[in-house]
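What the coordinates show
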Amino acid sequence: MRVTPIEGRMKYIGLDAGSVSVKVVVMDEDGNVIDSVYERHKGHSIVVAYKNLASMNLDGLPVAVTGTAGKTIAAILGVRHTNELAAQSYAAKRLFPSTNTIIEMGGEDSKFIILDESGIRDFSMNSVCAAGTGSFLDQQAERLRLSIEEFGEMAVKTLHPPRIAGRCSVFAKSDMIHLQQIA
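Heads up: these notes are all about the structure in this document. (Residues numbered from 1 in each chain as written. Predicted model: local features only at pLDDT ≥ 70, side-chain atom pairs only at ≥ 80, totals over all residues. Heavy atoms only, no water.)

Turning our attention to the overall build of the protein chain. Within the protein chain, the regular secondary structure consists of 6 helices and 7 strands. Secondary structure elements in the protein chain, listed N-terminal to C-terminal, are β-β-β-α-β-α-α-β-β-β-α-α-α. Principal-axis analysis of the C-alpha atoms places the extent of the protein chain at approximately 60 × 35 × 30 Å. The 183 residues of the protein chain split such that 31% are buried. Across the protein chain, every contact between residues at least 6 apart in sequence was considered, and the portion connecting residues at least 24 apart equals 39%. Counting only carbon and sulfur atoms, one obtains 57% of the accessible surface of the protein chain, whose full area is about 12,000 Å². (Helix = DSSP H or I, 4+ residues; strand = E, 2+ residues; numbered from the N terminus. Buried < 20%, exposed > 50% of the residue type's maximum accessible area, 1.4 Å probe, protein only. Contact = heavy atoms within 4.5 Å. Areas by Shrake-Rupley, 256 points an atom, 1.4 Å probe, with all protein chains shown as cover.)

Below, the discussion takes up the nonpolar core. Of all hydrophobic cores here, the largest spans 16 residues; its most connected members are Leu 15, Val 22, Val 24 and Ile 73. When contributions to this core are tallied by element, the ones reaching two or more residues are β1 (11-17), β2 (21-28), α1 (45-55) and α2 (70-77). Apart from residues no more than four positions distant in its own chain, Val 24 is found in contact with Ile 13, Gly 14, Leu 15, Asp 35, Ser 36, Val 37, Asn 52, Leu 53 and Met 56. (Core = buried A, V, L, I, M, F, W, Y, C linked by side-chain atoms within 4.5 Å.)

Turning to the side chain of Gln 140, a few remarks are in order. Residue placement: Gln 140 occurs in helix α4 (residues 134-143). Overall, Gln 140 belongs to the buried group, its relative accessible area being 0%.

As a further point, take the sheet that holds strand β6 (residues 110-116). Read across the open sheet, the 3 strands follow the order β5-β6-β7; overall the sheet is antiparallel. Every interior strand has two partners, whereas the edge strands, β5 (101-105) and β7 (119-125), have only one. With direction set aside, neighbouring strand axes in the sheet form an average angle of 20 degrees. Bridge count for β5 against β6 is 5 bridges, and the pairing is antiparallel. Bridged to Ile 103 within β6 is Phe 112. Of the strands in this sheet, β5, β6 and β7 touch helix α3 (residues 84-95), which is tilted by about 50 degrees from β6. (Pairing = 2+ DSSP bridges. Axes fitted to C-alpha atoms, helices over the stretch in contact; angles between N-to-C directions.)

Spelled out as structure tokens, the structure:
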């Protein structure tokens, strides 16, 4: 999708370069999404970020950068890096003012953010480990020959989810393999 200029409307770019993918979104001043891209970077976040920004023809627009590789990309672009917690909290309150909880599961860590009227009231994150993250879920979906979207749909629809270890992905994987073998 290409960005079409809207006369008199300011546009903003948000770029998140996480441990698994690069996400770019272009929004207008009212928070309407004009364009967006999601692409797995396979370890080449800077190349993928540059390619997507260049293909969207966004020169001169204000940009906010966040994510695992965000500091490096922000330095290359000559812009300020924005903390992920701050970015998520601001966006949630701006777009969905009644939001009071954010659960974010990335490829490298997970975040639980509690919001109040003034912003972040409290938060917690897991340590950098595969347990409880999107990378672990990606691996398990692949083992079942499912896309992550199909895997998520199954999880939402199940009436009796199996119990698996929640503290360590090695134990969780062992539990899942055992459950697959007896199914």
